[in-house]
Amino acid sequence: MNFRSFIAVLVLLLSALDACAAITATGFSTKSTGSAAATSLVVTPVSVANGAARADLLLAQVTIASSTATITAPAGWTELTAVAQSYNGIQQRIYWRIRSDTTTESATYTWTFSSAVRGTVILGNFAGVDTNQPINAWASGLGVDSTLVAADAAASYSNGVLIAFFGTTGVASTITPQASMTSPATAKTSAVSGSSGVQAALAYETLTSDGFTGTRTATGSNGTYATQTLV
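Cut-off values and rules
Residues numbered from 1 in each chain as written. Predicted model: local features only at pLDDT ≥ 70, side-chain atom pairs only at ≥ 80, totals over all residues. Heavy atoms only, no water. Helix = DSSP H or I, 4+ residues; strand = E, 2+ residues; numbered from the N terminus. Buried < 20%, exposed > 50% of the residue type's maximum accessible area, 1.4 Å probe, protein only. Areas by Shrake-Rupley, 256 points an atom, 1.4 Å probe, with all protein chains shown as cover. Pairing = 2+ DSSP bridges. Polar contact = N/O pair within 3.5 Å; in protein donor to acceptor, adjacent residues only side chain to side chain. pLDDT = per-residue confidence, 0-100. Contact = heavy atoms within 4.5 Å. Salt bridge = Lys/Arg side-chain N within 4 Å of Asp/Glu carboxyl O. Core = buried A, V, L, I, M, F, W, Y, C linked by side-chain atoms within 4.5 Å. Phe/Tyr/Trp six-rings, centres within 6.5 Å; stacked < 30°, edge-to-face > 60°.

Novice: I keep staring at the overall build of the protein chain and nothing clicks. Help me out?
Specialist: Along the backbone of the protein chain there are 1 helix and 16 strands. Counting all 231 residues of the protein chain, 45% fall into the buried class. Summing over all exposed atoms, the protein chain offers an accessible surface of approximately 10,300 Å²; the carbon and sulfur share of this is 53%.

Novice: What is the right way to look at the sheet that holds strand 7 (residues 109–117) in this model?
Specialist: Through backbone hydrogen bonds, the strands of a sheet pair up, either in parallel or in antiparallel fashion. If you walk across this open sheet you meet the 3 strands as 2-7-4, and the pairing is antiparallel. Looking at the sheet topology across the chains shown, the edges are occupied by strand 2 (38–43) and strand 4 (71–72). Sheet analysis places strand 2 next to strand 7, joined by 5 bridges and oriented antiparallel. If you follow L41 over to strand 7, its bridge partner there is W111.

Novice: Any chance you could explain the environment of N136 here in plain terms?
Specialist: Examined against the element boundaries, N136 turns out to sit in the loop between strand 8 (119–127) and strand 9 (138–150). A relative accessible area of 17% places N136 in the buried class. Along the primary structure N136 and V231 are separated by 95 residues, whereas in three dimensions their C-alpha atoms are 5.4 Å apart. Here S156 takes part through its backbone nitrogen, which lies 2.7 Å from a polar atom of the side chain of N136.

Novice: Sorry, what's going on with the confidence of the model for the protein chain here?
Specialist: Scored by pLDDT, the protein chain comes out at a mean of 87, with 87% of its residues at no less than 70. Contacts for the low-pLDDT stretch residues 3–20, under 50 throughout, to residues beyond four places or in other chains number 2 contacts.

Novice: Can you walk me through the pattern of salt bridges in this structure?
Specialist: Close approach of charged atoms allows side chains with opposite charge to pair. Following the criterion strictly, the structure yields 2 salt bridges and no others. Residue R93 is joined to E79 by a salt bridge in which the shortest nitrogen-to-oxygen separation is 2.9 Å. Of this pair, R93 sits in strand 6 (residues 90–98) while E79 sits in strand 5 (residues 78–85), placing them 14 residues apart in sequence.

Novice: Explain the nonpolar core to me, please; I cannot follow it from the model alone.
Specialist: Judged by nonpolar contacts, the single largest core of 17 residues is most densely connected at L59, F126, I163, F165, L202, Y204 and L230. Counting only elements with at least two residues in this core, the list comes to strand 3 (57–64), strand 8, strand 11 (161–168) and strand 14 (196–206). Setting aside chain neighbours within four positions, we find F165 in contact with L59, Q61, Q92, I94, A201, L202, A226, T227, Q228 and L230.

Novice: Would you take a moment to explain the pairing of strand 16 (residues 216–230) for this structure?
Specialist: Within a regular strand, side chains alternate between the sheet's two faces. In terms of burial, strand 16 is largely enclosed, as 12 of its 15 residues are buried. Relative to strand 16, strand 9 is paired through 12 bridges, and the arrangement is antiparallel. Note on strand 16: the bridge partner recorded for L148 is A218. Examined bridge by bridge, strand 11 and strand 16 share 6 bridges and lie antiparallel to one another.

Novice: Whenever I open this one, the packing of aromatic side chains confuses me. Can you help?
Specialist: The geometry of an aromatic ring pair comes down to the distance between the two centres and the angle between the two planes. One pass over the full model with this rule turns up 6 aromatic pairs. Joined through ring pairs, the aromatic side chains of W77, Y95, Y109 and W111 make up one cluster.

Novice: Is there a simple way to think about unusual backbone geometry in this case?
Specialist: Leave glycine aside and you will find that most residues have negative phi; peptide bonds, for their part, are mostly trans. At A55, a position not held by glycine, the phi torsion is positive, near 75 degrees. Residue position: A55 is located in the loop between strand 2 and strand 3. When its relative accessible area of 25% is taken as the criterion, A55 is described as partly exposed.

Novice: What should I look at first to understand the environment of R97 in this one?
Specialist: Among the structural elements, R97 can be located in strand 6. With 39 residues separating them along the chain, R97 and L58 place their C-alpha atoms 5.3 Å apart.

Novice: Help me out: how do you make sense of the side chain of T169 in this one?
Specialist: If you trace the backbone, T169 turns up in the loop between strand 11 and strand 12 (176–177). Engagement of the side chain of T169 in a polar contact is seen with the backbone nitrogen of T224, the distance being 2.9 Å.

Below is the structure:
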C-alpha cells in the first residue's frame, strides 16, 4: 500500500470512529412528589425495551424546595455536583452511574430526604459516552430571576454533548430552555402546591467544537433558581 492509499484508509477509519463516538439521548423518566411533601422519590429508569443498553451513562437531577434537607442517593450512584440557595430554599444535586449489565440493572432507584420536602428527580439515559471519562467538565449557577442561566464549561472534545439542568422555585409556568437545546416533555417535571415548590427541566445539545461552551438559558416564572452544566 502506498502512502496516499494509507492516508485514504486512515481517513475512513477515523470517520467510522467519529460516527461510533456520537452521543445520543435514548430516553428520560421523571418522578415528583407532586403537591404533597415526601421523604423519598422512586424513579424507574429507561428500559432496555425502550433503547437503553449496557455501558450507557445514567444521569439524575434531584431538585428540592429546601436548602438544608439531606439527600441520600441509591447505592451505585456518584454525586458529581451540588448547589443550594438558602433564600427561598432550593437545592439541586447531580448524580451519575454507568449502566451495568442489563440483566442486573435495578428496576427502580430511590432517593431519600432527611425531612419531607417537595421535590423532583429527572433521570436521563445517554448512549455512546466514553466510559473511561464519561463527564468531561461541569459548572454550577444560582440566581433570582425568570431567566435561568446555566454557566459555561470548558469542553476538551468536539464531539460531546452539553447537558443543562434547570430548577426554580418559580411555580407559575414550566421551564422552557433556549431554542438551540432539546428538552422533551419527558425531561420536565414539577412539585408545586399553591405558590411554593419547584419546577425542573433537563436540556441538551451536541457540541461541534472544544473550548468554553458559553452559557445556556431557560425561561420560567420569577424565582430562585439553581442550574448545572455538564459536558
